[in-house]
Each structure stands twice: as structure tokens, then as C-alpha cells.
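Okay, here's what each chain looks like letter by letter:
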Amino acid sequence: MGKGFRGTIVDHPDFDAGSDAEALYNAMKGFGSDKDAILDLITSRSNAQRQEIRTAYKSQYGKDLIDDLKYELTGKFERLIVGLMRPPAYHDAKEIKDAIKGAGTDEKCLIEILASRTNEQIHNLVAAYKDAYGRDIEEAVMEDTSGHFKKMLVVLLQGTREEDDVVSEDLVEQDAQDLYDAGEAQWGTDEAKFIMLLGNRSVTHLQLVFDEYHKIAEKSIEDSIKSELSGDFERLMLAVVQCIWSKPMFFARRLYKSMKGLGTADNTLIRIMVSRAEIDMLDIRECFRLRYEKSLYNMIQDDTSGEYKRSLLKLCGGDDDMAGEFFPEAAQIAYKMWEISATTKVQLRGTVRPYQNFDPASDAQALRKAMKGFGTDEETIIDIVAQRSNAQRQEIRQTFKSLLGRDLMADLKSELSKNLQRLILGLMMTPAEFDAKMMKKAMEGAGTDEHALIEILVTRGNQEIQEMCSAYKKAFKKSLEDAIESDTSGHFKRILIALAQGAREEGPEDMGRALEDAQELADACNADSGDMEDKFMSILCTRSFPHLRKVFQEFVRCSNKDIEQIIKKEMSGDVKNAMFAIVRSVKNHPSYFADRLYKAMKGLGTDDRALIRIIVSRSEIDLFNIRKEFKDIHEASLHEFIQVETFVGDTSGDYRKTLLMLCGGED
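Keep in mind the model is a prediction, meaning the values are calculated, not measured.

(A) Summary view of the overall build of the chain. On a plain count of helices and strands, the chain comes out with 41 helices and zero strands. Computed over its C-alpha atoms, the radius of gyration of the chain comes to 29 Å, within 12% of the 26 Å expected for a compact globule of 667 residues. Across its three principal axes, the chain shows a C-alpha extent of roughly 95 × 65 × 60 Å. For the chain, with 667 residues in total, the buried portion stands at 53%. Taking the contacts inside the chain whose residues are at least 6 apart along the sequence as the reference set, 74% of them involve residues at least 24 apart. Summed over all atoms, the accessible surface of the chain reaches about 29,300 Å², with 47% contributed by carbon and sulfur. Charge-centre separation for the chain: the mean point of 92 positive side chains lies 5 Å from the mean point of 116 negative side chains.

(B) Spotlight on the side chain of R504. Structurally, R504 can be placed in the loop between α31 (490-500) and α32 (511-524). Although R504 is buried, it makes no salt bridge; E505 carries the closest opposite charge, 7.9 Å away. A distance of 2.8 Å separates a polar side-chain atom of R504 from the backbone oxygen of L540. Apart from the residues within four sequence positions on either side, R504 is in contact with N462, L499, L540, C541, T542, R543, S544, F545 and L548.

(C) Region of the structure containing the packing of aromatic side chains. Counting across every chain of the model gives 15 aromatic pairs. Judged by centre distance (5.3 Å) and plane angle (55°), the ring pair of Y57 and Y61 falls under tilted. Of this pair, Y57 and Y61 both sit in helix α3 (residues 47-61), separated by four residues, roughly a single helical turn. A relative accessible area of 1% means that Y57 is categorised as buried. By way of ring pairs, the aromatic residues Y25, Y57 and Y61 are connected into one cluster. A cation over a ring is seen here: K97 above Y133, with NZ or CZ 5.3 Å from the ring centre. The ring of Y355 carries R388 above its face, with NZ or CZ at 3.7 Å from the centroid.

(D) Fine view of helix α15 (residues 231-245). Across its 15 residues, α15 extends 22 Å between first and last C-alpha, which sits within 8% of the 21 Å expected from 1.5 Å per residue. Check the buried side of α15 and you find it contacts α7 (107-116), α10 (147-157), α12 (191-200), α13 (203-217), α14 (221-228) and α16 (247-259).

(E) Expanded view of the packing of helix α19 (residues 296-303) against helix α20 (residues 306-316). Where α19 meets α20, the closest approach of the two axes is 10 Å, and the angle between their N-to-C directions is 175°. By the angle between their directions, the pair α19 and α20 is classed as roughly antiparallel. Here α19 contributes L296, Y297, I300 and Q301 to the contact with α20, which in turn contributes K309, L312, L313 and C316. Its residues placed into classes, the contact of α19 with α20 shows six nonpolar, one polar and one charged.

(F) The side chain of R45, seen in detail. Of note, R45 is situated in the loop between α2 (35-42) and α3. A residue is classified by how much of its surface remains accessible, and R45, at 9% relative accessible area, is buried. Not counting chain neighbours up to four residues away, the residues in contact with R45 comprise I9, V10, H12, F15, D20, R50 and I53.

(G) Representation of the packing of helix α9 (residues 137-144) against α10. Contact geometry of α9 with α10 gives a least axis separation of 10 Å together with a crossing angle of 170°. As summarised for this structure, α9 and α10 are arranged roughly antiparallel, according to the angle between their axes. Facing I137, E138, V141 and M142 of α9, the residues of α10 in contact are K150, L153, V154 and L157. Of the residues assigned to the contact of α9 with α10, the class counts are six nonpolar, no polar and two charged.

(H) Fine view of the pattern of salt bridges. Overall, the coordinates contain 45 salt bridges when judged by the stated rule. Where D283 meets R6, a salt bridge forms, and the shortest distance between an N and an O atom there is 3.2 Å. Of this pair, D283 sits in helix α18 (residues 281-292) while R6 sits in the segment before α1 (17-28), and the two are 277 residues apart along the sequence. By relative accessible area, D283 is classed as buried at 5%.

(I) Highlighting the nonpolar core. Core analysis: the largest hydrophobic core is formed by 206 residues, its most contacted members being L69, L198, M273, M439, F536, F552 and M579. Ranked by residues supplied to this core, first place goes to α15 with nine residues. In contact with L69, other than residues within four places in its own chain, are M28, I38, I42, E78, I81, V82 and M85.

What counts and what doesn't
Residues numbered from 1 in each chain as written. Predicted model: local features only at pLDDT ≥ 70, side-chain atom pairs only at ≥ 80, totals over all residues. Heavy atoms only, no water. Helix = DSSP H or I, 4+ residues; strand = E, 2+ residues; numbered from the N terminus. Rg over C-alpha atoms; globule rule 2.2 N^0.38 Å. Buried < 20%, exposed > 50% of the residue type's maximum accessible area, 1.4 Å probe, protein only. Contact = heavy atoms within 4.5 Å. Areas by Shrake-Rupley, 256 points an atom, 1.4 Å probe, with all protein chains shown as cover. Lys, Arg positive; Asp, Glu negative; His and termini not counted. Charge placed at Lys NZ, Arg CZ, Asp CG, Glu CD. Salt bridge = Lys/Arg side-chain N within 4 Å of Asp/Glu carboxyl O. Polar contact = N/O pair within 3.5 Å; in protein donor to acceptor, adjacent residues only side chain to side chain. Phe/Tyr/Trp six-rings, centres within 6.5 Å; stacked < 30°, edge-to-face > 60°. Lys NZ or Arg CZ within 6 Å of the ring centre and 35° of its normal. Expected span 1.5 Å × (residues − 1). Axes fitted to C-alpha atoms, helices over the stretch in contact; angles between N-to-C directions. Parallel < 35°, antiparallel > 145°, perpendicular 65-115°, else oblique. Nonpolar A, V, L, I, M, F, W, Y, C, P; charged D, E, K, R; others polar. Core = buried A, V, L, I, M, F, W, Y, C linked by side-chain atoms within 4.5 Å.

The structure is reproduced here in C-alpha cells:
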């Protein structure tokens, strides 16, 4: 195993290659095969031991074990078991060969393998490819790729990255400045500079360069790559950067994307589980849990079946959902993630802007004409309402009343119906009126929409909350606090009332106080559940977001635990959901909304109320950023999701058209 081993598959004790070869032969002879015996044996031996079994099998039975396994097994299970039987370098060579053969190229496979392998692994891969296929891998890759993407792949295939202990301190600032000058500081991009530096400098050196780059550019190297590069070259460079920061996190992302949504990318899932089982699967599992709030084990369990599932779960090695403490690698990543969250300056961008050459009287007249007579001209209504800022819509409302003596909201309500009506009316309200209305809707009737209450109160600023409270009182003749008081209970009620005061502290972090708060939260983890919830509430509901970022970062150092996992493990119900939402919103506001949008549309049926609420409320604030986070996490654009998920039940397409106009682009 050696120092630093973080795999889940180890050498089997009392190993006997001849005995194992005989067991596999017996499992495959006769009619049918004993698949359980095959998977139990192969997934509990290290790769080196499997090669001994393969040699013993040939000497005892005069047959190739891999050929027999291919004959006896089928489908994904066969691909997985055969992958495990190959030496790692030959497995990588086979994956590269499959990626470039035929009509299309699997660029994602090329990127994953070549961005993540060490120098030694690359050299072994080059030799294995030559041995297995009789040609140079570099030549094969060059024939099948082009441009800067090809150049970077060729650089990576040299396997000449400086070793990790090589850090040229005098070059760190220079390299960071060179990257900045090659991209952000000029019109156009000097791709050659990116290729030279990212393809050759050591991992440790580049981590320091990326930190320095962040200071110079006031944005991460990842964000710069996204804005400066494009296509497969962009994806390759992002993969290199992610592997420089953390290979386990890179593979955790790849695994999640292979299983989420409709269908599973089984080739990716198999390739990663086979290639990392004896290297860093424990750290990948922990990074997976850290990023996605779900264990890799459980996601595999939900997404696969049969012997294939059993084999994958054995390679995974365990369920981390109830784990509390970090592995060392994940603790460092978690601390770094909070540090990046605290220092990154994000320019928030909406998708709806003030309309040029705005004329409220003309718009008011056009809207009246669209609703007058027999039938309604929905297209005109949508084009006007969705392309004006909220301030302009308020002018249209006032002008409609003064010019025509009519209430625009009442007219729209009578002429439109269903989700289109809800969406257009939401856009025509002021933000405070809309939030007040959404709070009212969340609490009226038999059930309470706790998720809506949490989402609104957690994500709004003090002024927004105070204006919402005034709007609520004006519209419903009752204070929002009284409504919450009568509709909720216990700790959850206390959390909502605390947030509804709109009295969260503002301003930057106080480092000394952040350390004290982090220690208090860490100490509270060992207290009774009620005391723990009190302490969490007293800090999470009152401190400013910048301060909380520092608190959560130092919490990792104080406790070696993940604040999100502690909440998930130690709390329950609506209290857990509220605390969780605060942490997620503090970490990354747009990412929180991207997750809420995904949950509103995935699965059977669409939660249109949540979809409307988020699109309307964020369209002039940060919907562009939310779109980017959505694409990054789910590898599908928000535009695409809306187009597919709102199709059912929207026979006219007007509701979908309006949402897509507000969304603002396909990414």
C-alpha cells in the first residue's frame, strides 16, 4: 500500500493465484456462469493480484481469462469486470483507443485521462498503447484532434510536468502576471502562454500561481479560462486547473455528472471507479459528499442495478452519508473552498435591463389594445412586460391608470390564465409586493410551503425584508411576523421570525469574533439538540454573510467537520432545511438558486410556483450568474431545462416563451 494510500481496494490476505484461477474457471464452466462468485473475487483483489490470477489461469487452463470473461458476461457488468482485469496503463490505453476510433471523438474521455494522470502514469500509458495497438498514441491523438486542444493534449502526453517539490518562488508572481497579460489584460488571448505554463509547471507551483493570479485579476483562474477560451480547449484547461487544485474533487464532479439526470454515462462511471479504486477513492468519496450533500455510495445505489451495482459498490467501499469528520485531503479542500468563497469578487448580473427608448404611454396603449375586444394578444403582452425593467413596469401601471382609468393588474388577471397569468402578474408587481404575495401563498390553505418561506427569508437583504414586511401589512392587513407565528411552530418558527426582522448585521468579517463563533459552533455540536439549534440560530441568523463565510471556514479548522454535513446529520425537518439554506446561500448565492431551480424542474412534474418565484425575483439581480452556475453543475443550460420541462401542460407555449425571454440565453 505504501504511505499516502487512499484507495478502497487492497491486496487480499492469504492470496493464492492458482486457487483464484480455479475458482473463476469453475464459476464459468458449464451452462451459465456464477456472476456473484466472479464479482466477489475480482473486486476483492488488487490489480497486481489480478494479473497473477490471469497468468495462473493461462498456465492452468491454456485460455485467456479476459476472453473467457467477455464470453460469459454481458453489457455494463462485463465492461466493468474486464476493465478491472487489465493493468491500469492498458486500461487507459483501451479507453483512449475507444475515444478516438470511429466517426466521432469522445473528447471528454481524452480530457479526463490526460489532465489527471501523473508523469509516470502517462509514460506507462504511452508504452502500453504502442504495445497494444502498434502505433504511437501521440500520432493517433494528433490525427483525431485539432487546434489549441490538440497542442495541449500533445504537451500532456510528454509527461514532463515538473515534480511536485519543484516550486520556483521567484517565478510565481511572474507566471501569474504572464497568465493575466495573456488573457484578461489584452484583447484576444495568448493561448500558447496558457499551454506552456499549465502544461509544464508543478502542481504545487501552479497552486501558488493561481492564488497570486486571484489577487491580480480579482477573479479565479477558472473564471478567466471560461471567459477567454472556448470549446474543447476551454474544457481541457479547466480540467487541468481542477486537477491542479484537487484530483479527488475533479473526479467527484465527473462521477456526479455521469449519474445525474436521465440516464447514466456508464463508460465514465466505470472508467473512474476502475482507475481510482486503488489510488484515492476514499478522498473522492469525501469530496463527493462535500460538494453534493449525498454519498457516492447512495448515488450509485439509486442509479444502477444488479451485479453491475454490486460491483461498483464494492469498489466504492462504503457509505459516507453518516460520516462526520473529514479525511485530511477533504478538510484542506473544504477550508480552501470557503477561503475562495470569501475572497472571490462576483459581479452580479441580471438578464432584464431597462428598455431603451422607453415610452410608458405607448406601452400602456399597446397593452390596452392587446386586451380589448374578442381574444387576447398574448404575444404583445409578453414582449412588453418581459422586456421592461421593474421600475419601467411600475411607470406603465401608473400611466395605464391615469390615461385609461383602468387597473392594469385587474385587466391582466381577467385576460390571462394559469401559469402565464401568475408569471406576468408577478413581473408587474414591485419586488416587495411580489415577495409578500409569495409569502402569503406559502402559508395559505391546508399546507405550508416551508421551502418557499426559507428561500425568501434567507436570501433577501435587510432592506428587501423590511420593504416586504410593509407590503405584506398593506396588502393583507396583518403583520408578516403574526402570520408566521400562527402558521409555524418550534425552532423553525423562531428562525423565520428572527430572519423576518431584517436586522442581520452588515459589513465585512471580524476575524477575532469569527474564530470565537466558529469555536462556539464546534462546541455546540456536542451539546443537546435543542441547545445546538439555539446556538446555530443565534449565529447563523444574525451575522453578516461575509462574516459567516469566515466562520464556516474556521469551523473546518476547529472541528475537522463539514458544517453542512453536521446540520444534515444532527438536525431534522424544517430547522435542518433552514440552516442548510443559510449555509448554501452564504457559500454561493447564485449556486443556491441554481439548485432550487433544478429541484423545481427535475422529476415528475414541475414546481411552477418555485420556478416563477425565482425567475421573477432574480431576473434583474443575478439570473445571469445563476444560469452559469446551473450549467456548471448540471452540464445542461437553464434555457434547455425550461424548454423541456415546461412543455407539458403549456399548449400555447406562451408561458415557456416568457420564461425563456427572462432567462435571457442558452449558454
